[in-house]
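Single-letter residue listing:
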Amino acid sequence: MSTDIAVESIRKRYAGTRSVVSRFSLAVLLFLSIMGFPYTGCGIARLLCSLAFCLILSTIVNSRGVKRVLSQREPTQEEMARLARIEARLESAGIDPGQIKWRIGDLSYPACSVGRNVSIDEQVFHDLPDEGLAAIVAHELGHVHTGLWPFDRFFELLALTSTIAVATPYIIVQAILGRFREALRAVLGLFSRIWQWPQELAADDYAVAHGFGRSLSASIRILTAGQEEEPGGSHPPVGLRLARLG
Ligand SMILES: [Zn+2]
């Protein structure tokens, strides 16, 4: 595949539309949260309701998250052979990849990680060169290195739930005024700035410290070319990241 076609296919993919899967998941979550209301006297049910409410709100804003989880699969043998090369490249840069559990999926994001479970978008996996892919994985392992897995994920969920709970009256007032999406984006944007951006920048710094600054920067440029940035995103603005990556 030529570079032009590869970039074009990535752009198309990232133009993104809501999938049937995410709409279905949204309907299930809505159903669960409505069913949970009569039982809100029970602590666990209340917690589940809060989580479902949180998931619904974040699904409305970014329905790709659900699709991301449901689409993942084990890598094929051929893909594993390439991942072994990526692991060797990371080791040569002084990063211990440890026991990574690899997943490939239709993520609409280049990659994501939960501890050492690293998932890579299928299109990105096949279109980026080895060095670009290694740089993205270095960033993901930066999360493992700089975070406190699994506590960081637990606190993230807790922080997100609390932020939305505190901001609910504001969101309701704005919704009455016809500005629901804007209000939700503002709240999630604030959450991202306080909670997620520092972690993303720390993961970038980790990649830079191991010599992946330029290749990570090149990968981000390819993956974000022609895209408009959404306000309230989980990652810092592309301009800020590129400036720091050098
Ligand atoms: Zn990250």
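The model shown is predicted, which means the values in this text are computed figures rather than measured ones. (Residues numbered from 1 in each chain as written. Predicted model: local features only at pLDDT ≥ 70, side-chain atom pairs only at ≥ 80, totals over all residues.)

### Concerning the overall build of the protein
Counting secondary structure elements, the protein contains eleven helices and three strands. Taken from N to C terminus, the helices and strands of the protein fall in the order α-α-α-α-α-β-β-β-α-α-α-α-α-α. Counting the 246 residues in the protein, one finds 27% classified as buried. Contacts spanning at least 24 positions in sequence make up 70% of the contacts within the protein whose residues lie at least 6 apart. (Helix = DSSP H or I, 4+ residues; strand = E, 2+ residues; numbered from the N terminus. Buried ≥ 20, exposed ≤ 12 C-beta atoms within 10 Å, placed from the backbone. Contact = placed C-beta atoms within 7 Å.)

### Focus on the sheet that holds strand β3 (residues 117–121)
Read across the open sheet, the three strands follow the order β1-β3-β2; overall the sheet is mixed. The strands lining the two open edges of the sheet, one partner per strand, are β1 (101–105) and β2 (111–114). In this sheet, adjacent strand axes meet at a mean angle of 20 degrees when their direction is disregarded. On the sheet, helix α7 (residues 130–146) packs against β2 and β3 and is oriented at approximately 25 degrees with respect to β2. (Pairing = 2+ DSSP bridges. Axes fitted to C-alpha atoms, helices over the stretch in contact; angles between N-to-C directions.)

### Brief notes about the packing of α7 against helix α10 (residues 213–224)
The interhelical angle for the contact between α7 and α10, taken along N-to-C directions, is 100 degrees, at an axis separation of 8 Å. As judged from the angle between their axes, α7 and α10 are roughly perpendicular. Residues Glu131, Gly132, Ala135, Ile136 and His139 of α7 form the contact with α10, whose own contacting residues are Ser215, Leu216, Ala218 and Ser219. Class assignment of the residues belonging to the contact of α7 with α10 gives a composition of four nonpolar, four polar and one charged. (Parallel < 35°, antiparallel > 145°, perpendicular 65-115°, else oblique. Nonpolar A, V, L, I, M, F, W, Y, C, P; charged D, E, K, R; others polar.)

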